[in-house]
Amino acid sequence: MKKKSNSQSFSRPKKIGAATKDYRFFVIAAVFLILAVAFTVYMGMVQSRGPTKEYESYDIRTETVSGKRGKIYDRNGVLLVDNSPYYDFVFEYGAMAYSPKEVNSALLTCLRALEITDNTDKRATDYFVLKGTYPNVAFAEGISDTSKNLGYYYDRFLIRHELSKDISSADFARFFVDKYELDKHGYTDKQITELIRIYYDMDRVGFGAFQSYTIAERLMPSDENDMSLLTTVKEKRVEGATFIQRTERVICHEGYAQHILGSVGKIYAEEAEKYTDLGYSLNATVGKSGCELAFEEYLRGKDGTLVTKYDKDGTLLEEYYEPAPTDGYDVYLTIDIELQKIAEDSLKDEVESLTHSEAGAATVIDPNTGEVLAMASFSTYTQQNLALYGLFAPGSTYKIGTALAALEEKHISDFSKYVCTKECSFGPDCLGLHGSISVTDAIAVSCNLFFDYLGIEMGLDKITPYTKKLGLGAATGIELGEAAGTVASASYADTLDSYVWREFDNASGAIGQSLHAYTPLQLSVYMSSVVNHGTRYSAHLLDSLHEYGKKEAITAIKPEVADTLVFSDSTYSTLIKGMRAVVTSSDALRGYFADVSAAVGGKTGTAQTGAQHDNALFSGFAPLDSPEIVASCVLEEGEVGNNAAKVVAKIFEAYFDLKEERNKPQE
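Note that this is a predicted model, so its numbers are computed, not measured. (Residues numbered from 1 in each chain as written. Predicted model: local features only at pLDDT ≥ 70, side-chain atom pairs only at ≥ 80, totals over all residues. Heavy atoms only, no water.)

Our focus in this paragraph is the overall build of the chain. A count of helices and strands for the chain gives 22 helices and 23 strands. Based on the C-alpha atoms only, the size of the chain along its principal axes is roughly 115 × 65 × 55 Å. Expressed as a percentage of the 667 residues in the chain, the buried residues total 51%. Accessible surface, the chain: about 32,000 Å² in total, of which carbon and sulfur atoms supply 50%. (Helix = DSSP H or I, 4+ residues; strand = E, 2+ residues; numbered from the N terminus. Buried < 20%, exposed > 50% of the residue type's maximum accessible area, 1.4 Å probe, protein only. Areas by Shrake-Rupley, 256 points an atom, 1.4 Å probe, with all protein chains shown as cover.)

Further remarks concern the sheet that holds strand 13 (residues 359-365). Taken in spatial order, the five strands of this open sheet run 14-13-23-22-21, and their pairing is antiparallel. The open sheet has two edge strands with one neighbour each: strand 14 (372-379) and strand 21 (601-607). Adjacent strand axes in the sheet meet at a mean angle of 5°, parallel and antiparallel pairs treated alike. Judged from the six bridges that link them, strand 13 and strand 23 (residues 629-635) form a sheet pairing that is antiparallel. Across the sheet, Thr363 pairs through a bridge with Ser632, a residue of strand 23. Against the sheet, helix 20 (residues 569-584) makes contact with strand 21 and strand 22 (615-622), and its axis sits at roughly 70° relative to strand 21, the strand it touches most. (Pairing = 2+ DSSP bridges. Axes fitted to C-alpha atoms, helices over the stretch in contact; angles between N-to-C directions. Contact = heavy atoms within 4.5 Å.)

The next subject is the environment of Ser164. Topologically, Ser164 is positioned in the loop between helix 3 (149-160) and helix 4 (169-179). Note on Ser164: relative accessible area 43%, which makes it partly exposed.

Moving on, we get to the side chain of Ser544. With respect to the secondary-structure elements, Ser544 resides in strand 18 (residues 542-546). Looking at Ser544, the relative accessible area reads 4%, which means it is buried. A distance of 3.2 Å separates polar atoms of two side chains, one belonging to Ser544 and the other to Asp543. Here the side chain of Ser544 touches His546 through a polar contact of 2.9 Å, side chain to side chain. Excluding its chain neighbours within four sequence positions, the residues that come into contact with Ser544 are Asp330, Val331, Tyr332, Ala553, Thr555, Ala556 and Ile557. (Polar contact = N/O pair within 3.5 Å; in protein donor to acceptor, adjacent residues only side chain to side chain.)

What follows deals with helix 4. Those residues of helix 4 not exposed but buried are Ser169, Phe172, Ala173, Phe176, Val177 and Lys179. On its buried face, helix 4 is in contact with strand 4 (130-133), strand 5 (136-139), helix 3 and helix 5 (189-205). Positive backbone phi, at 55°, marks Glu181, one or two positions downstream of helix 4.

Where a protein is soluble and globular, its nonpolar side chains tend to be buried together. Formed by 115 residues in total, the largest nonpolar core has its most connected members in Leu333, Phe450, Met579, Phe593 and Phe652. The element that contributes the greatest number of residues to this core is helix 22 (residues 641-663), accounting for 10 residues. Among all residues touching Leu333, those that are not within four sequence positions of it are Ile72, Tyr73, Asp74, Arg75, Leu80, Ile260, Leu261, Cys291, Phe295, Leu541 and Asp543. With 61 residues, the next largest nonpolar core counts Val103, Leu130, Val177 and Val238 among its residues. (Core = buried A, V, L, I, M, F, W, Y, C linked by side-chain atoms within 4.5 Å.)

Tracing the sequence through the fold places Glu350 in helix 11 (residues 337-353). Contacts of Glu350, omitting those with residues within four sequence positions, involve Leu635, Asn643, Lys646 and Val647.

If you add up the space inside the second largest pocket, you get close to 730 Å³. As for the second largest pocket, its lining consists of 35 residues, and the residues nearest its centre are Ser396, Leu431, Ser446, Asn448 and Thr606. Listed by contribution, the elements that provide at least two residues to the lining of the second largest pocket are helix 14 (439-445), helix 18 (503-510), strand 21 and helix 22. By residue number, the principal contributor to the lining of the second largest pocket is strand 21, which donates four residues. (1 Å grid on protein atoms, 1.4 Å probe; cavity = no way out; pocket = protein on both sides within 12 Å on 5 of 7 lines; lining within 4 Å. Points joined across faces, edges and corners; volume = space filled by probe spheres on them.)

With the rule as written, the count across this model stands at 33 salt bridges. Here Asp203 makes a salt bridge to Arg160, at a shortest N to O gap of 2.6 Å. Highlighted residues: Asp203 in helix 5 and Arg160 in helix 3, separated in sequence by 43 residues. By relative accessible area, which is 9% here, Asp203 ends up buried. With a closest N to O distance of 3.8 Å, Glu350 and Lys646 form a salt bridge. Here Lys646 lies in helix 22 and Glu350 lies in helix 11, a separation of 296 residues in the sequence. (Salt bridge = Lys/Arg side-chain N within 4 Å of Asp/Glu carboxyl O.)

The next thing to look at is the packing of helix 13 (residues 399-408) against helix 15 (residues 448-458). Two numbers describe how helix 13 lies on helix 15: the axes approach to 11 Å, and their chain directions differ by 50°. With respect to helix 15, the element helix 13 is oriented oblique. Where helix 13 crosses over helix 15, the handedness of that crossing is left-handed. Where helix 13 approaches helix 15, its residues Lys399, Thr402, Ala403, Ala405 and Ala406 are matched on the opposing element by Asn448, Phe451, Leu454 and Met458. Of the residues that constitute the contact of helix 13 with helix 15, the class distribution is six nonpolar, two polar and one charged. (Parallel < 35°, antiparallel > 145°, perpendicular 65-115°, else oblique. Left-handed = near helix turned anticlockwise from the far one by under 90°. Nonpolar A, V, L, I, M, F, W, Y, C, P; charged D, E, K, R; others polar.)

Taken together, the side chains of Asp118, Asp121, Asp223 and Glu224 define an acidic patch exposed on the protein surface. For Asp223, the position within the fold is in the loop between strand 6 (213-219) and helix 6 (224-236). Given the relative accessible area of 32%, Asp223 is considered partly exposed. (Patch = residues over 30% accessible without salt bridge, like charges linked within 9 Å, V, L, I, M, F, W, Y side chains within 5 Å. Lys, Arg positive; Asp, Glu negative; His and termini not counted. Charge placed at Lys NZ, Arg CZ, Asp CG, Glu CD.)

A word on the pairing of strand 21. Burial runs high along strand 21: six of the seven residues are buried. Relative to strand 22, strand 21 runs antiparallel, the two sharing seven bridges. Of the residues in strand 22, the one forming a bridge with Gly602 is Gly620.

Turning to the confidence of the model for the chain, a few remarks are in order. Across the chain, the average pLDDT comes to 90, with 91% of residues at 70 or higher. Overall, residues 1-28 carries pLDDT values under 50, and its contacts beyond four positions in sequence, including any with other chains, amount to 39 contacts. Overall, residues 39-56 carries pLDDT values under 50, and its contacts beyond four positions in sequence, including any with other chains, amount to one contact. (pLDDT = per-residue confidence, 0-100.)

Structure representation (structure tokens):
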């Protein structure tokens, strides 16, 4: 039976030193006596049990078996992210030979196999710190920069082996030559260099009983060269060499939901300690962004070890897992991929149709649960997820919150009126001349002067507590991370070097300007909190968890109430009536929403930004009497809110058409 050290990193076993000459004879005699007695007792016990089988030697080999990464589905069970198989060519500690000479030979055979099958380009990424060919080597540039992978791993190596930071490149190479007997078996200088490279990288990844070493990666079953490598290595029966089947992520709806789904990749140097503490190997693939990162703990599959026992003739005696590999959970999202496609396509089309707009975002949620049904970002100049990290003044969409605060504070009633003269000396001018106007009509025509008065008379500090409880400037709870947003206030202005808060800001803030800045998702959460009568649900993307490949959910995510704002039925009725009038009193909006099979309410917004053209916003809901969908759209330099409403109209039309189609009886 071959015996190996159980240490985490491979190294040649130390030689046992000769016994010192000053041992006393009586000590040796005592040891012999003890051994003799023990042997006699043992033989007596064996004989008392009767005859036994002749002792058979055996060999134990171990092989890493990967656990699959969970798949990602939409809310209807439509597959969004799948796994495609490939192989990694690895060297297993538990299956390799014992002596350094045999191990060296096996590794060189592996490298030769890469060459003869034309697969050297598949060699796994490493961070080798030497350049040149042994013994004429020098350190690579950048090894002193520990913020980068090359320097980070080199610094860790020196610390681990208690080597001086002033070590020369020649002595560094000699460290491996001595440790792995690279100068004793007739290797060429090139072979010695390659072996140093491998042993350095083995040490970097912690090669040992619980960590294999990847020689080449991403060998595809469909590639003839890749499969010839697998055949070649197996035919040569290289001790320690094996192939592990892994999977790569495949986006099933190419080009859609990229900001949501995210990506996977190798562990970065700065992440190494965190992931190794969690039991990951440094060769592992982990989530890097989006849902792949946010739900890593669920999606992650855990590797197992296949233990195989052979007798001295190579006959299989036993095979078992210790531990068994475990697959990750399948993750079902709240996203409806068909609605997501409509949101992305309509947003892109609208931005590209406008002369000055280059970016925008749209968010769609269920106002009764906080489930995100779709979330789209489009930009010609940035990869940022604008739905979660883009900050925009809400413009006139904010007037709904201002009206709610004024009604609940009893500052106005449904019958209160202000006179709109178009021009305003204490706040932003109005775009129209509305005369004497009530709150419902002021919402419908978006009268600035009406809300200017409310801002000046109440002060913005009496309005923002309401709008924040509704969701503006409050974390939505979305799992992917987000910008916090900015609530306009004198205290916030004091933190800015170049901003002086004025009375004008109370009026400007009441119509959604001043220092207000919120994300498109916050805008949808805010509108949802209004139309569901004051309950703010945390926005979320995770719908349920399933065992790998199983349809039945093992965990379903329940809606979470983040905050509640109690307001009267009469206030609710006034706001809904006003937002219905926004849609019905505009010829353009009536036309956009004509094909939506439900009554729609909403609010347009036009926000000044200092750019040549204003941002366009629209936040709407449907059906009017029992809202089940809220959608918001922001278009950078989209000019007027009606342009943003076009995107929302297409989303609503698709939503109700899909609902009708899915509810049809199956024939």
